[in-house]
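Spelled out, the chains give:
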Amino acid sequence: MIKKCLFPAAGYGTRFLPATKSMPKEMMPVVNKPLIEYGVEEAIAAGMNGMCIVTGRGKHSLIDHFDKNYELEDQIKGTNKEELLDDIRGIIESAHFTYIRQSEMKGLGHAILTGRELVGDEPFAVVLADDLCVNDGKGVLEQMVALYKQFRCSIVAVEEVPAGETHKYGVIAGDQIRDDLYRVTNMVEKPAPGTEPSNLAIIGRYILTPDIFEYIENTQPGKGGEIQITDALLKQAQEGCVIAYKFKGKRFDCGSVEGYIDAINYCYENVYLQDSKAELNKKKTEKQKRLLAVT
Ligand code: G1P
């Protein structure tokens with residue numbers, strides 16, 4: 001039902017300079033995959049096939065990543081290196097990618113509004129690729145899509161954060177309607193320490209109904225002089241309904257050096273090595289089957 005996922009990816013990634021001087025921050029690798037690929041995989045797992053990417057200057061490698069590279073593919077054809085491209089080939093086959101340039105950096109709300117041309121008039125997901133989410137079971141977006149079917153309104157994913165960290169996030173207050181669900185009554189972008197309405201911080205996963213675009217259009221610049229999605233969502237919550245969902249799973253803030261390193265360590269142990277073992281076992285079983293067929 002929700003087919004499109006918007007990826008605001010025009011930012012400069014200044015916290016990672018000089019690495020991000022000419023490389024998009026979304027292309028920073030977590031073990032062997034760029035950050036944005038994890039987000040795209042999460043969207044595909046949630047049943048989406050339209051990846052709408054809001055890019056900016058200097059993001060060519062991001063666009064190239066989700067396309068064929070004939071020269072490279074020709075070079076490694078028939079070698080055991082070829083299987084390293086299996087995942088990205090699968091992604092390219094199962095989703096289509098559209099891009100639009102955001103020529104001015106006027107905040108996350110403005111980036112989402114820029115994506116309107118790609119999204120059209122339907123509910124859609126938003127992934128901020130530097131929040132990397134990993135799960136044993138269903139991914140965060142898949143969890144949120146199931147909720148959307150029930151509530152049919154905008155949904156933000158939230159996480160409890162330590163008191164000293166709320167100033168880094170959009171923070172919600174709400175009426176609890178289930179263990180893990182709140183109906184949002186207030187939302188503040190990066191509250192000054194001591195003024196936060198709760199310790200429930202919004203993380204980079206949203207499901208938005210298309211009327212959000214009008215709310216953004218009517219939103220004045222807020223925190224940092226930027227057009228904030230948080231402010232538009234608050235208006236939507238006041239006039240309609242917005243749900244905050246305490247998602248299941250682990251989130252790494254790959255916008256910070258510490259979070260990025262934690263993500264690499266975690267994904268190496270729990271994703272990369274596990275996948276390698278599974279791949280090895282698959283090969284062993286195939287070999288055994290072949291041997292059995294011969295004998
Ligand atoms: C953005 C949003 C903020 C949210 C955060 C999640 O902030 O404006 O509300 O909590 O993403 O990562 P940014 O991290 O881009 O400053």
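Residues numbered from 1 in each chain as written. Predicted model: local features only at pLDDT ≥ 70, side-chain atom pairs only at ≥ 80, totals over all residues. Heavy atoms only, no water.

(A) Spotlight on the overall build of the chain. Regarding its fold elements, the chain presents 10 helices and 13 strands. The globule rule puts the C-alpha radius of gyration for 295 residues at 19 Å, and the 20 Å found for the chain is close to it. The C-alpha extent of the chain, read off along each of the three principal axes, is 70 × 40 × 35 Å. The 295 residues of the chain split such that 46% are buried. (Helix = DSSP H or I, 4+ residues; strand = E, 2+ residues; numbered from the N terminus. Rg over C-alpha atoms; globule rule 2.2 N^0.38 Å. Buried < 20%, exposed > 50% of the residue type's maximum accessible area, 1.4 Å probe, protein only.)

(B) Structural detail: the site of the ligand. Asp-131, Gly-170, Glu-189, Lys-190 and Ile-202 are the nearest of the 13 residues found near the ligand. At 2.7 Å from an oxygen atom of the ligand is found a side-chain nitrogen or oxygen belonging to Glu-189. Thr-230 places a polar side-chain atom, nitrogen or oxygen, 3.4 Å from an oxygen atom of the ligand. In the complex, 76% of the free accessible area of the ligand, which totals 380 Å², lies under the protein chains. (Near = heavy atom within 4 Å. Polar contact = N/O pair within 3.5 Å; in protein donor to acceptor, adjacent residues only side chain to side chain. Areas by Shrake-Rupley, 256 points an atom, 1.4 Å probe, with all protein chains shown as cover.)

(C) Local environment of unusual backbone geometry. Following Leu-17, the chain continues into Pro-18 via a peptide bond in cis, with omega recorded as 10 degrees. Locating Pro-18 in the fold gives a position in the loop between strand 1 (4–8) and strand 2 (29–30). Even without glycine at this site, Arg-152 takes up a positive phi of about 55 degrees. Among the structural elements, Arg-152 can be located in the loop between helix 7 (140–151) and strand 8 (154–160). Take Arg-152: its relative accessible area is 51%, and that puts it in the exposed class.

(D) Molecular detail of the packing of helix 1 (residues 35–45) against helix 4 (residues 86–94). Packing of helix 1 against helix 4 leaves a shortest axis separation of 11 Å and a crossing angle of 50 degrees. Classified by the angle their axes make, helix 1 and helix 4 are oblique. For the pair helix 1 and helix 4, the crossing hand works out as left-handed. Residues Glu-37, Val-40, Glu-41 and Ile-44 of helix 1 form the contact with helix 4, whose participating residues are Asp-87, Ile-88, Ile-91 and Ser-94. Partitioned by chemical class, the residues of the contact of helix 1 with helix 4 number four nonpolar, one polar and three charged. (Axes fitted to C-alpha atoms, helices over the stretch in contact; angles between N-to-C directions. Parallel < 35°, antiparallel > 145°, perpendicular 65-115°, else oblique. Left-handed = near helix turned anticlockwise from the far one by under 90°. Contact = heavy atoms within 4.5 Å. Nonpolar A, V, L, I, M, F, W, Y, C, P; charged D, E, K, R; others polar.)

(E) Main features of the pairing of strand 11 (residues 200–208). Counting buried positions over the nine residues of strand 11 gives nine, a clear majority of the element. Judged from the four bridges that link them, strand 6 (residues 124–127) and strand 11 form a sheet pairing that is antiparallel. Counterpart to Ala-125 in the pairing with strand 11 is Ile-207. Judged from the five bridges that link them, strand 8 and strand 11 form a sheet pairing that is antiparallel. Within strand 11, the residue paired with Glu-159 across the bridge is Ala-201. (Pairing = 2+ DSSP bridges.)

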